[in-house]
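# Notes for the structure review
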Amino acid sequence: MIDMAHLLAKQGAMVTFTTTPANATRIESTIDRARELNLPIHFVPLKLDCAKVGLPEGCENVDKVLGKGQVKSLTDAYSLLHKPLVSYLQAQSNPPSSIISDLCQPWTGDVARELGIPRFMFTGFCAFSSLCRYIIHQEKVFDKVADGDELIILPGFPHHLEISKARSPGNFNSPGFEQFSEKILEEERRADGVVTNSFYDLEPLYHEAYQKENRGDKASVDLKHCLQWLESMKPGSVLYISFGSMARTVVSQLKEIALGLEASRRPFLWVIKSDAEASDIEKLLTEGIKERIRDRGLIIKGWAQQAMILSHPSVGGFMTHCGWNSTIEGISNGVPMITWPHCAEQFLNEKMIVDILKVGVPIGVQNITSRTVEAHEVSIVERDHIEKAVYKLMSEDTDAKERRMRARELMQKARQAIDGGSSYSNIQQLIEYVTARK
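Throughout what follows, the structure given in this document is the object of discussion. (Residues numbered from 1 in each chain as written. Predicted model: local features only at pLDDT ≥ 70, side-chain atom pairs only at ≥ 80, totals over all residues. Heavy atoms only, no water.)

On to the overall build of the chain, then. Looking only at helices and strands, the chain has 19 helices and 13 strands in total. Expressed as a percentage of the 438 residues in the chain, the buried residues total 46%. Counting only contacts in the chain whose residues sit at least 6 apart along the sequence, the fraction spanning at least 24 positions is 64%. (Helix = DSSP H or I, 4+ residues; strand = E, 2+ residues; numbered from the N terminus. Buried < 20%, exposed > 50% of the residue type's maximum accessible area, 1.4 Å probe, protein only. Contact = heavy atoms within 4.5 Å.)

Printed below as a string of structure tokens:
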């Protein structure tokens, strides 16, 4: 983790390295060295409440504990750092842009979501071992195996591999660790990316397979794969679906969207973000849907390069939650929209898109769907409404063609505004105004 901090800092990133007081004393020379090099690394020791979980003071590292019970207590103590860490980060003048944390600190996933930033999971395993460990626990390979030395074929591995329970990573399988083990696996699925201390050419087959296991089609940050897929589609043929960084879609609605997109027979790129269990989403996508849309659908679970996607020539439509940042990105790239507002001012933005600019097709939602609404209170948009909206936006009839023409006209106006036009001159005026007041 220290080496990673140095690498990031040398690339110009500001790094906050969070640890505990006892662990900080172990790396004093490293801290001093970072200061000597004037690297932008800020070391922050957060006090671990050992007494609250029944551990002796200063027992902050696994090598200080003796029994399995104490290991569990230590993991509980670390999870108590959630509130202190959030409080510290929220008080900073430069808010964090992401969190990189160890596999064994799954609670940091909740911290990242609370702050609205990505979380990258660091694993000390190579990709080969990470893939083995993931499949073992995902597929419950050893659940009914009594003999620890019995060789079991690992399902879904890129090639034939036999392993035994006795010589496989346990991932906290001891009694009392069940919830912690499940939390690790769940946060591994939900992580925006995985950092490993390896390199691609050493184990390319396992890097690719591990990415696929964690992200379905590919990792959400795999820009190259996304571009290759877009390049394989006809110009203006792809519908892009994303409801922004804050909205989360319930599983029942995800199913209707999936079936509506399937019925539309149009190519699509769908970014899924949901508070549902990753296993529920994966179950939904493996109910035959994935196979049926394989040749014309790309699903990204997590974060996507929206600006890049919307600017690609193959994208011809955008199903959006009508958040203004997404709306202006769609407008600036000349992409007509299917409007699906959720909350805030998004219903007003829908009126702007549909009634005033006339570059949108409404999906028909009437009720607010904020993150605080319970799943059973959500008004579900049915698959046939979704199919009809997709057809209306992406078809070749006169209305659709005129809508696309208006979208292209708005794109030209947007480009003119920043290329010496109104937006460019407004920035100049702002600078001049501030300078004149000095």
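There's plenty left to go through after this.
As summarised here, the arrangement of the three strands in space is β3-β4-β7, forming an open sheet in which the pairing is parallel. The open sheet is flanked by β3 (99-102) and β7 (193-196), the only strands paired with a single partner. Across this sheet, the average inter-strand angle for adjacent strands is 30 degrees, counted without regard to direction. Pairing between strand β4 (residues 119-123) and β7: four bridges, direction parallel. Paired with Phe-120 across the strands is Gly-193, a residue of β7. (Pairing = 2+ DSSP bridges. Axes fitted to C-alpha atoms, helices over the stretch in contact; angles between N-to-C directions.)

Bringing the packing of aromatic side chains into the picture now. Per the stated rule, a full pass over the model turns up seven aromatic pairs. Arranged with centres 5.3 Å apart and planes meeting at 45 degrees, the rings of Phe-17 and Phe-43 form a pair that is tilted. Residue Phe-17 is found in strand β1 (residues 15-19), and its partner Phe-43 is found in strand β2 (residues 41-45); the two are separated by 26 residues along the sequence. With a relative accessible area of 13%, Phe-17 lands in the buried category. The buried category is assigned to Phe-43, whose relative accessible area is 14%. Ring geometry for Tyr-134 against Tyr-210: centres 6.4 Å apart, planes inclined by 80 degrees, an arrangement best described as edge-to-face. Note that Tyr-134 is positioned in helix α7 (residues 127-138) and Tyr-210 in helix α9 (residues 204-215), a separation of 76 residues in sequence. Using a relative accessible area of 2% as the deciding quantity, one classes Tyr-134 as buried. (Phe/Tyr/Trp six-rings, centres within 6.5 Å; stacked < 30°, edge-to-face > 60°.)

Attention now goes to the environment of Gln-90. Inspection of the secondary structure puts Gln-90 in helix α5 (residues 82-90). Gln-90 sits 25 residues away from Leu-115 along the chain, and the two C-alpha atoms are 8.1 Å apart.

Here we take up the pattern of salt bridges. In total, this model carries 13 salt bridges according to the counting rule given. The partner of Glu-57 in a salt bridge is Lys-47, with the nearest N and O atoms 2.9 Å apart. Remark: Lys-47 occurs in the loop between β2 and α4 (68-79) and Glu-57 occurs in the loop between β2 and α4; sequence separation between them is 10 residues. Taken individually, Glu-57 and Lys-47 each receive the classification exposed, so the pair is uniform in this respect. Its salt-bridge partner being Glu-256, residue Arg-383 comes within 2.9 Å of it at the nearest N-O pair. Taken together, the residues Arg-383 in helix α17 (residues 383-394) and Glu-256 in helix α11 (residues 251-264) connect sequence positions 127 residues apart. Residue Arg-383 is classed as partly exposed on the basis of its relative accessible area of 38%. Classification of Glu-256 by relative accessible area gives buried; the value is 13%. One connected set of salt bridges, linked through shared partners, spans Asp-110, Arg-113, Lys-183 and Glu-187. (Salt bridge = Lys/Arg side-chain N within 4 Å of Asp/Glu carboxyl O.)

We now examine the sheet that holds strand β13 (residues 360-362). Taking strand neighbours across the sheet as the criterion, the six strands line up as β10-β9-β8-β11-β12-β13 in an open arrangement whose pairing is parallel. Each edge of the open sheet carries a strand with a single partner, namely β10 (297-301) and β13. Shown here is a sheet whose adjacent strand axes are inclined to one another by a mean of 20 degrees, direction ignored. Examined bridge by bridge, strand β11 (residues 315-320) and strand β12 (residues 337-339) share three bridges and lie parallel to one another. When the bridges of β12 are listed, Met-319 appears paired with Ile-338. Along the sheet, α11 contacts β8 (238-242) and β9 (268-272); its crossing angle with β9, the most-contacted strand, is approximately 175 degrees.

Let's shift gears to the packing of helix α6 (residues 108-115) against helix α8 (residues 178-190). Interhelical geometry of α6 versus α8 gives an angle of 40 degrees and a closest axis separation of 10 Å. Relative to α8, the element α6 lies oblique. Touching Gly-109, Asp-110 and Arg-113 of α6 are Lys-183, Glu-187 and Arg-190, all from α8. The class makeup of the residues in the contact of α6 with α8 is no nonpolar, one polar and five charged. (Parallel < 35°, antiparallel > 145°, perpendicular 65-115°, else oblique. Nonpolar A, V, L, I, M, F, W, Y, C, P; charged D, E, K, R; others polar.)

The residue Thr-123 is located in strand β4 in this model. Separated by 3.2 Å, the side chain of Thr-123 and the backbone nitrogen of Phe-125 make a polar contact. Here Thr-123 is in contact with Leu-103, Ser-130, Val-194, Val-195, Thr-196 and Asn-197, once residues within four sequence places are set aside. (Polar contact = N/O pair within 3.5 Å; in protein donor to acceptor, adjacent residues only side chain to side chain.)

Here the focus is the pairing of β1. Side chains of β1 alternate between two faces, with Val-15, Phe-17 and Thr-19 buried and Thr-16 and Thr-18 left unburied. Taken together, the five bridges between β1 and β2 define a ladder with parallel strand orientation. Its bridge partner lying in β2, Thr-18 is registered against Val-44.

Next up on the list: α6. Among the residues making up α6, those that are buried are Thr-108, Gly-109, Val-111 and Ala-112. Summarising the axial view, the buried residues of α6 lie within an arc of 160 degrees, below the 170-degree limit, and thus occupy one face. Gly-116 lies just past α6 and shows a positive phi near 70 degrees. (Arc of directions from axis to C-beta.)

Mapped onto the secondary structure, Arg-403 falls in helix α18 (residues 398-418). Asp-399 is the oppositely charged side chain nearest to the buried, salt-bridge-free Arg-403, at an N-O distance of 5.2 Å. Aside from chain neighbours lying at most four places away, what touches Arg-403 is Pro-336, Lys-358, Val-359, Gly-360, Val-361, Lys-392 and Leu-393. (Lys, Arg positive; Asp, Glu negative; His and termini not counted.)

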